[in-house]
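# Residue-level structural notes
Chain residues, written in single-letter form:
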Amino acid sequence: MDTVQTLILGFIGIVIVNNLVLTKFLGICPYLGVSGRIDMAFGMGMAVTFVVTLAGTLTWVIDHVFLVPYGLEVLRYLCFILVIAGAVQLVEMYVRKFFPPLYESFGIFLPLITTNCAILGLCLFLNLWGIDSLLEAVVLSVGAGVGFTMAICIMAGIRENLELADVPECLQGAPITLITAGLLTLAFMGFAGMIR
Amino acid sequence: MSDGTSLGKTFFAGIWDNNPVLRLLLGMCPTLAVTAAVKPALTMGFSVIFVLLFSNIVVSLLRHQLKPHLRILMFTLTIATAVTIADLALKAYLPDMSASLGPYIPLIIVNCIIIGRAEACASKNGLVVSIIDALGMGAGFTITLCILAAIREVLATGKIFEIPVMPSAFTPWAAMGMPVGAFVTLGLMLGGVNLISKKSA
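Residues numbered from 1 in each chain as written. Chains lettered and ligands numbered in written order. Predicted model: local features only at pLDDT ≥ 70, side-chain atom pairs only at ≥ 80, totals over all residues.

## Side note on the overall build of chain A
Helix and strand content of chain A: 10 helices and zero strands. Mapped from its N terminus to its C terminus, chain A presents α and β elements in the order α-α-α-α-α-α-α-α-α-α. Taking 16 Å as the expected radius of gyration for a compact globule of 196 residues, we find that chain A reaches 18 Å, a close match to that expectation. Counting only C-alpha atoms, chain A reaches 60 × 45 × 30 Å along its principal axes. (Helix = DSSP H or I, 4+ residues; strand = E, 2+ residues; numbered from the N terminus. Rg over C-alpha atoms; globule rule 2.2 N^0.38 Å.)

This is the structure:
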């Protein structure tokens, strides 16, 4: 019973309270770049969720099975980035084979998931928070992906409406998006302190 | 190609015309995350300069051996090596700073500025141009970070480098130290830069 509670709390925590995008500033590039249309944003969110689940789980296993027992922590960052690059390659091949239209619409953004800080960030946070059960690592990885998808979809919804707004000329584009993101984090601060 | 004026131009392009943060919108994650105070921002800036210099030098020297399909992988491995060095050095000499920056130092690996410069400059140019480019881009990044951090630190705590600068009647704006302060300040800075470049154009 205790583990189930920890898992549920961890999941809600990483989706809402410690949302990687809104409180840890991770994955800001796709968050600003791909949030123009809501369907693209959702597709991106799904791809990131898949990669982060795979990468988070694999890096946790590699860290606990190989690196720590053999004292090879120095190689940690090299291994993590290789695993992430491999996972992205896998997703790219899969999407190209089975969903060609989706592959076309992603374009350059699919390989760019490799340099999405949310993914490497999560792998590092799993290590930093000292997560010591595989199940918890998997749940947190999925939660991070769901949180990212939620944040980028909310942002895309706001930006679709923002196109109709009368924004001062010098603030158009990136500046107003950043300010909107700021107000969004203000809203999410209301959840702070709910857990932990 | 490598005479003095064009090298100077390459250097200053990184600071203003092609400023990585304000013009190219690269490397936003560390920009927003470490700028609650000037000290961590400065540490982050110097770490990025080191990594940028290391990766640009290595990539520039290897540029004739690089195979197109393995290029990005090579860049990433070079950068990861440089970041590991920087991380270990910080842990050894500035343990407090390393602890407070936490995962944001290893996250330099996925900082788009570094891989972007390796791709756009170092894989096409000689050693000298690559070094100057790395220094210019790094300086542009560090300066932007410090300005943003100075604004936020003064407004959030009334101090700069932990020295009080504001009159005692000043009420600190707590929000400036939080994520919202980072987003809004950077948004307004970008707006200001747009305004200046439009006026001067």
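## What to know about the overall build of chain B
Per the secondary structure count, chain B includes eight helices and two strands. Going from the N terminus to the C terminus, chain B shows its helices and strands as α-α-α-α-α-α-α-β-β-α. Along the first, second and third principal axes, the C-alpha atoms of chain B reach 60 × 45 × 30 Å. Taking all 201 residues of chain B together, 44% fall into the buried category. Counting only contacts in chain B whose residues sit at least 6 apart along the sequence, the fraction spanning at least 24 positions is 75%. (Buried ≥ 20, exposed ≤ 12 C-beta atoms within 10 Å, placed from the backbone. Contact = placed C-beta atoms within 7 Å.)

## Re the interface of chain A and chain B
Between chain A and chain B, the contact holds 32 residues from the first and 32 residues from the second. Of all the elements in the fold, those that place two or more residues in the side of chain A that touches chain B are helix H2 (20-24), helix H3 (28-33), helix H5 (76-98), helix H8 (117-128) and helix H10 (174-188) of chain A. Looking at the side of chain A that touches chain B, the element that brings in the most residues is H10(A), giving nine residues.

## Brief notes about the nonpolar core
Residues Val51(A), Ala118(A), Ile119(A), Leu120(A) and Ile109(B) are the most contacted members of the largest nonpolar core, which totals 105 residues. Tallying contributions element by element places helix H9 (residues 134-162) of chain A first for this core, with 11 residues. Residue contacts for Ile109(B): discarding those within four places in its chain leaves Tyr77(A), Ile81(A), Leu120(A), Ile79(B), Ala80(B) and Val83(B). (Core = buried A, V, L, I, M, F, W, Y, C linked by C-beta atoms within 7 Å.)

## Topic: the packing of H10(A) against helix H8 (residues 179-200) of chain B
Helix-helix packing is described using two parameters, namely the angle between the two axes and the distance between the axes. Close contact between H10(A) and H8(B) brings their axes to 8 Å; oriented N to C, the two are set at 165 degrees. Of the possible angle classes, the one that applies to H10(A) and H8(B) is roughly antiparallel. Relative to H8(B), the crossing made by H10(A) is left-handed. Residue-level inspection shows Ala174(A), Pro175(A), Ile176(A), Leu178(A), Ile179(A), Ala181(A), Gly182(A), Thr185(A) and Leu186(A) of H10(A) in contact with H8(B), the latter providing Pro179(B), Val180(B), Phe183(B), Val184(B), Leu186(B), Gly187(B), Leu190(B), Gly191(B) and Asn194(B). The class makeup of the residues in the contact of H10(A) with H8(B) is 13 nonpolar, five polar and no charged. (Axes fitted to C-alpha atoms, helices over the stretch in contact; angles between N-to-C directions. Parallel < 35°, antiparallel > 145°, perpendicular 65-115°, else oblique. Left-handed = near helix turned anticlockwise from the far one by under 90°. Nonpolar A, V, L, I, M, F, W, Y, C, P; charged D, E, K, R; others polar.)

## So, the environment of Met189(A)
Residues and elements named next belong to chain A. Here Met189 lies in the segment after H10. Accessibility expressed as a C-beta count within 10 Å gives 16 for Met189, which makes it partly exposed. Taking the C-alpha atoms as reference, Met189 lies 8.3 Å from Thr23; in sequence the two are 166 residues apart.

## What about the confidence of the model for chain A?
Scored by pLDDT, chain A comes out at a mean of 84, with 96% of its residues at no less than 70. When pLDDT is averaged over each element of chain A, H9(A) comes out on top at 90 and helix H7 (residues 109-112) of chain A at the bottom at 71. (pLDDT = per-residue confidence, 0-100.)

## Section: the packing of helix H6 (residues 112-122) of chain B against helix H7 (residues 127-157) of chain B
Residues and elements named next belong to chain B. Packing of H6 against H7 brings their axes to within 11 Å, and their N-to-C directions diverge by 150 degrees. Considering their axes alone, H6 and H7 lie roughly antiparallel with respect to each other. When the axes of H6 and H7 are compared, the crossing they make is right-handed. Here Ile113, Arg117, Cys121 and Ala122 of H6 come into contact with H7, specifically with Ser130, Asp133, Ala134, Met137 and Phe141.

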